[in-house]
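# Descriptive analysis of the structure
These are the residues of each chain, in order.
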Amino acid sequence: MTAAIVTDQLVKRYGSHEVLRRIDLEVLPGQVVCVIGPSGSGKSTLLRCINHLEQPDDGTVSVDGEVIGVTHRRGRTVPLGAAELRRQRAEIGMVFQSFNLFPHMTVLHNLVLAPMKVRGQSRAEAERRARVLLGQVGLADYAGAYPVQLSGGQQQRVAIARTLAMEPKVLLFDEPTSALDPELVGEVLDVMRKLAHAGKTMIVVTHELGFAREVADRVIFMDEGLIVEDGPADQVLSNPREKRTAAFLSKVL
Ligand SMILES: Nc1ncnc2c1ncn2[C@@H]1O[C@H](COP(=O)(O)OP(=O)(O)OP(=O)(O)O)[C@@H](O)[C@H]1O
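An unreviewed UniProt entry lists the chain under the name Amino acid ABC transporter ATP-binding protein, with Actinomadura graeca as the source organism. In the Subcellular location (unreviewed entry) part of its UniProt record, the chain is described as follows: "Cell membrane".

Rendered as structure tokens:
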């Protein structure tokens, strides 16, 4: 079985600070992996390198067997051109903490923009699909609303629908509920739970350990740019093998 996501000896540095220190990770199709760890451990940077929002300094990322961001020319490895990189990145959906919806566009317009521009879908087709997705995230009646008219939880559900509209091969979530008022967290986690049950491949950076325990196939604990522990959710969260994992959990549980 081809892994959905592979990182091979992935390195990212900011100046002399090595933020990712040779990360090897393999996520199988349909797996849900939650990534936990202290602030500054490199969780966001890992996601941002997987989708090449940040250029890794060393190592490779592959999605569905295709190496991201580089190609081979005359025996040398060279960076991909912008258009080709855009095509690859469209296969890697990313949901951010801060929604990032276009404020001057309606919900529907936010959803159809990229499928029309990047995927070449007609407006009619893009709108038809967008309405289906809005139904799936429980926002069928909000197609004509502007982001400012929505709660944070609704905005994040629109952002998830917008990501799904590109039919990505994998989904990355970077603390998708951290900016939400506590009473709005559940509705976003519900949507993510449905995606997990529908068989999507997901990496979720989160502080929601209840969600991780219930939904994740695996939990990864990162610290100081390394994967310290990687195992079944119950084992890592209830019976960690590594002292550093246990110390972290004792602070956050
Ligand atoms: N653009 C950047 N320039 C310089 N340093 C950066 C940059 N982005 C991240 N870093 C540093 O890299 C380290 C890892 O950051 P990262 O955001 O990946 O951590 P994190 O585990 O996601 O933390 P948090 O839980 O607080 O979001 C931190 O020390 C951070 O200050």
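More follows now that the structure is in view.
## As for the overall build of the chain
What the chain contains, in helices and strands, is nine helices and twelve strands. Whereas a compact globule of 253 residues would reach a radius of gyration of roughly 18 Å, the chain reaches 18 Å, a difference of no more than 12%. Viewed in the frame of its principal axes, the chain has a C-alpha envelope of about 55 × 50 × 35 Å. Residues counted as buried form 51% of the 253 residues belonging to the chain. Expressed as a percentage of contacts within the chain between residues at least 6 apart in sequence, the contacts between residues at least 24 apart total 64%.

## Side note on the sheet that holds strand β8 (residues 92–95)
The strand order across the open sheet formed by six strands is β8-β9-β10-β3-β11-β12, and the pairing between neighbours is mixed. A single partner strand is all that each edge strand has here, and the edge strands are β8 and β12 (226–232). Strand after strand, the sheet turns through a mean of 20 degrees between neighbouring axes, direction not considered. Looking at chain direction, strand β11 (residues 218–223) and β12 are connected through six bridges and run antiparallel. Opposite F221, over in β12, you have E229 as the bridge partner. Where helix α6 (residues 182–197) meets the sheet, it contacts β3 (32–36), β9 (170–174) and β10 (202–205), and its direction lies at approximately 150 degrees from that of β10. Here helix α9 (residues 243–252) sits on the sheet and contacts β3, β11 and β12; the angle it forms with β11, its principal contact strand, is near 95 degrees.

## Describing unusual backbone geometry
Positive phi is not limited to glycine here, since R22 has a value of about 60 degrees. In the Ramachandran plot, D64 falls in the positive-phi region, its phi being about 50 degrees despite a non-glycine side chain. Mapped onto the elements of the fold, D64 is located in the loop between β4 (58–63) and β5 (66–67). Classification of D64 by relative accessible area gives partly exposed; the value is 41%.

## Let's talk about the side chain of T201
With respect to the helices, strands and loops of the structure, T201 is situated in the loop between α6 and β10. For T201, a relative accessible area of 6% gives the class buried.

## Brief notes about the UniProt feature "domain: ABC transporter" (unreviewed entry) in the chain
If you check UniProt for "domain: ABC transporter" (unreviewed entry), the listed places come out as residues 5–249 in our numbering. The span residues 5–249 is 37% helix and 28% strand, and its two end C-alpha atoms sit 27 Å from each other.

## Regarding the sheet that holds β4
Strands sit in the order β2-β1-β4-β5 across an open sheet of four strands; the sheet is antiparallel. Of all strands in the sheet, those bounded by a partner on one side alone are β2 (17–27) and β5. Pairing of strand β1 (residues 5–14) with β2, which is carried by eight bridges, proceeds in the antiparallel orientation. The partner of T7 across the bridge, within β2, is L25. Sheet strands in contact with helix α1 (residues 43–50) are β1, β2 and β4, and its direction is about 115 degrees off that of β1.

## Let's talk about the site of the ligand
Y14, H17, V19, P38, S39, G40, S41, G42, K43, S44, T45 and E175 make up every residue found near the ligand. Backbone polar atom of S44 to an oxygen atom of the ligand: 2.9 Å apart, as the coordinates give it. Between the ligand and the protein, one listed contact pairs an oxygen atom with a side-chain N or O atom of T45 at 2.5 Å. For the shell around the ligand, the elements supplying multiple residues, two or more each, are β2 and α1. The biggest single contributor to the shell around the ligand is α1, with three residues. Within the shell around the ligand, the residues separate by chemical class into three nonpolar, seven polar and two charged.

Conventions we followed
Residues numbered from 1 in each chain as written. Predicted model: local features only at pLDDT ≥ 70, side-chain atom pairs only at ≥ 80, totals over all residues. Heavy atoms only, no water. UniProt positions renumbered as here; feature names shortened; annotations may be inferred. Helix = DSSP H or I, 4+ residues; strand = E, 2+ residues; numbered from the N terminus. Rg over C-alpha atoms; globule rule 2.2 N^0.38 Å. Buried < 20%, exposed > 50% of the residue type's maximum accessible area, 1.4 Å probe, protein only. Contact = heavy atoms within 4.5 Å. Pairing = 2+ DSSP bridges. Axes fitted to C-alpha atoms, helices over the stretch in contact; angles between N-to-C directions. Near = heavy atom within 4 Å. Polar contact = N/O pair within 3.5 Å; in protein donor to acceptor, adjacent residues only side chain to side chain. Nonpolar A, V, L, I, M, F, W, Y, C, P; charged D, E, K, R; others polar.

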